[in-house]
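# Report on the structure
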Amino acid sequence: METEKRTQTTAEQITDRDLSEQIKKVTKESHVRAENTELMLSFQRGQVTLQQYKIISLIYQVLEEELDRNSNHPGVAPIYFPAELARLEAIEKDLEYFYGQDWRERIVVPAATKRYCHRLRQIGAENPEFLVAHAYTRYLGDLSGGQVLGRIAQKSMGLKSSDGLSFFAFPGVSSPNLFKQLYRSRMNSVELTEEERNGVLEEAVRAFEFNIQVFDDLQKMLNVTEIQNCSTLSKPVKMPQIPGNMTKTTPLLRMVLGLFVALATVSMGIYAF
Ligand code: HEM
């Protein structure tokens, strides 16, 4: 692709002053913490529910709506790649494949997810130049290792086609590495005042923090579900009420989601080095 070719030169010119380097540096510690959340570790063991996948879809819905709404903003336009990166349709396609068209009907939104979505709406309205921090956090993470994991998922689940694996596929990106270079060079081309730049860096740390909180919230739900399902408990345990549908999970989806998390984990590992 023409745009990807251009990145080869720009990638070599990256300096310490570049936003892409600064953002990676300030979020390095958060990345390691996110990677080591219980949920991320559980994901790798395949303990992920439909509810969790739906929550991920909510986050992408809000992020992508705000990017679309601000696509002409000078802080957003250079990093606006809906054809290459948008995930919402892909996630919805997977959910529909595994659960049918009525998957939307049963959804509980935990507090941390609401806070994350609220923040995305807020900066979309007040500081669209901060959206780059959130887009970076999700999309560059997704692009790190996703295709490999998609292939592993397909093999492990014996899927004959790519049905159910849309989340892992970026059909508009022929080379994730080159695309990441392009994305970084676009991030570096955004003109920011010193104050705005600091704001973006703070927002990136916040973006990781929101993700960690969402994972922790989900993990708490998962723990409650596990305890409620445990037939060996000798006496009732007082637990927050959760809807029955939250316990619904299928081995297939657990596998997909486990791999989704594994992807994140593997990238984190590489990232840490
Ligand atoms: C199981 C957990 C995870 C693993 C194994 C993992 C693994 C990786 C790997 C291998 C990379 C590539 C590093 C490089 O190219 O230098 C990466 C990059 C990245 N990951 Fe993760 N990751 C995990 C979770 C996450 C999470 C939860 C987020 C965000 C909330 C995230 C955000 C990112 C971002 C933004 C990058 C791009 C860094 C950059 O090049 O600036 N990762 N990750």
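What you see is a predicted model; the values in this text were computed from it and never measured.

### What to know about the coordination of the iron atom of the ligand
Four donors placed tetrahedrally about a metal ideally form angles of 109.5 degrees, and six donors placed octahedrally ideally form angles of 90 or 180 degrees. For the iron atom of the ligand, the protein contributes exactly one donor atom, His31 (NE2), at 2.2 Å. Its location among the elements puts His31 in helix 2 (residues 19-35).

### Some words on the packing of aromatic side chains
Using the criterion set out here, one finds six aromatic pairs in the structure. With centroids separated by 6.4 Å and ring planes inclined at 65°, the aromatic side chains of Tyr60 and Phe167 adopt a geometry described as edge-to-face. Of the two residues, Tyr60 sits in helix 4 (residues 50-69) while Phe167 sits in the loop between helix 9 (146-157) and helix 10 (176-189), which places them 107 residues apart along the sequence. Relative to Tyr183, the ring of Phe179 has its centre 6.5 Å away and its plane inclined at 40°; by these criteria the two rings are tilted. Note that Phe179 and Tyr183 are positioned in helix 10 at a spacing of four residues, about one turn of the helix. Tyr183 carries the same exposure label as Phe179, and that label is buried.

### Description of the environment of Val108
Relative to the helices and strands, Val108 resides in the loop between helix 6 (88-99) and helix 7 (111-126). Taking the C-alpha atoms as reference points, Val108 and Ile55, separated by 53 residues in sequence, lie 8.4 Å from one another.

### Structural notes on the packing of helix 2 against helix 10
Relative orientation of the contacting elements helix 2 and helix 10 amounts to 105°, with a least axis distance of 7 Å. Accordingly, the angle class assigned to the pair helix 2 and helix 10 is roughly perpendicular. For the pair helix 2 and helix 10, contact is made by Leu19, Ser20 and Ile23 and by Arg184, Met187 and Asn188, respectively. A class-by-class count of the residues in the contact of helix 2 with helix 10 yields three nonpolar, two polar and one charged.

### Description of helix 10
For helix 10, with 14 residues, the first-to-last C-alpha span of 20 Å sits near the 20 Å given by 1.5 Å per residue. Buried within helix 10 are the following residues: Pro176, Phe179, Lys180, Leu182, Tyr183, Ser185 and Met187.

### Brief notes about the pattern of salt bridges
Scanning the entire structure with this criterion turns up nine salt bridges. For Glu194, the salt bridge identified is with Arg17, shortest N-O distance 3.3 Å. A residue pair is termed long-range when its members are at least 10 positions apart, and Glu194 in helix 11 (residues 194-229) and Arg17 in the loop between helix 1 (2-12) and helix 2 qualify at 177 residues. Here Glu65 makes a salt bridge to Arg121, at a shortest N to O gap of 2.8 Å. Of this pair, Glu65 sits in helix 4 while Arg121 sits in helix 7; the two residues are 56 residues apart in sequence, bridging distant segments of the chain. Each member of the salt-bridge network shares a partner with another, and the members are Glu65, Glu66, Arg69 and Arg121.

### Thoughts on the UniProt feature "binding site: heme b" (unreviewed entry) in the protein
Under the feature "binding site: heme b" (unreviewed entry), the UniProt entry names Lys24, His31, Tyr136 and Arg184. Judged by relative accessible area, which is 9%, His31 ranks as buried. For Tyr136, the position within the fold is in helix 8 (residues 131-143).

What counts and how
- Think of each chain on its own: its residues are numbered from 1, step by step along the sequence as written.
- Given that the model is predicted, a residue must reach a pLDDT of at least 70 before its local features are reported, and side-chain atom pairs must reach 80 or more before they are shown or counted; all residues, however, enter totals for whole chains, interfaces and linings.
- Hydrogens are left out, water is left out, and the side-chain values use all remaining heavy atoms of the structure.
- Donor selection uses N, O and S atoms within 2.8 Å of the metal (3.2 Å for Na, K and Ca). Since no water is included, sites may look incomplete.
- Starting at the N terminus, helices and strands are each numbered in turn, a helix being any DSSP run of H or I of at least four residues and a strand any DSSP run of E of at least two.
- Only Phe, Tyr and Trp rings take part, Trp by its six-membered ring, and two of them pair if their centres are within 6.5 Å. Stacked means planes under 30 degrees apart, edge-to-face means over 60, and tilted covers everything else.
- Partly exposed describes any residue whose relative accessible area lies between the buried limit of under 20% and the exposed limit of over 50%, with all areas from a 1.4 Å probe on protein chains only and scaled to the type maximum.
- Lines fitted to C-alpha atoms define the axes, with helix axes restricted to the stretch in contact, and inter-axis angles between N-to-C directions lie between 0 and 180 degrees.
- Geometric relationships in this document are graded by angle, where less than 35 degrees denotes roughly parallel, more than 145 denotes roughly antiparallel, 65 to 115 denotes roughly perpendicular, and other angles denote oblique.
- Any two residues whose heavy atoms approach within 4.5 Å are treated as being in contact.
- The residue classification treats Ala, Val, Leu, Ile, Met, Phe, Trp, Tyr, Cys and Pro as nonpolar and Asp, Glu, Lys and Arg as charged. All others, Gly included, are polar.
- In a helix, the anticipated span is given by 1.5 Å times the number of residues less one.
- Criterion for a salt bridge: a side-chain nitrogen of Lys or Arg within 4 Å of a carboxyl oxygen of Asp or Glu.
- UniProt positions are given in the numbering used here, feature names are shortened, and annotations may be inferred rather than shown by experiment.

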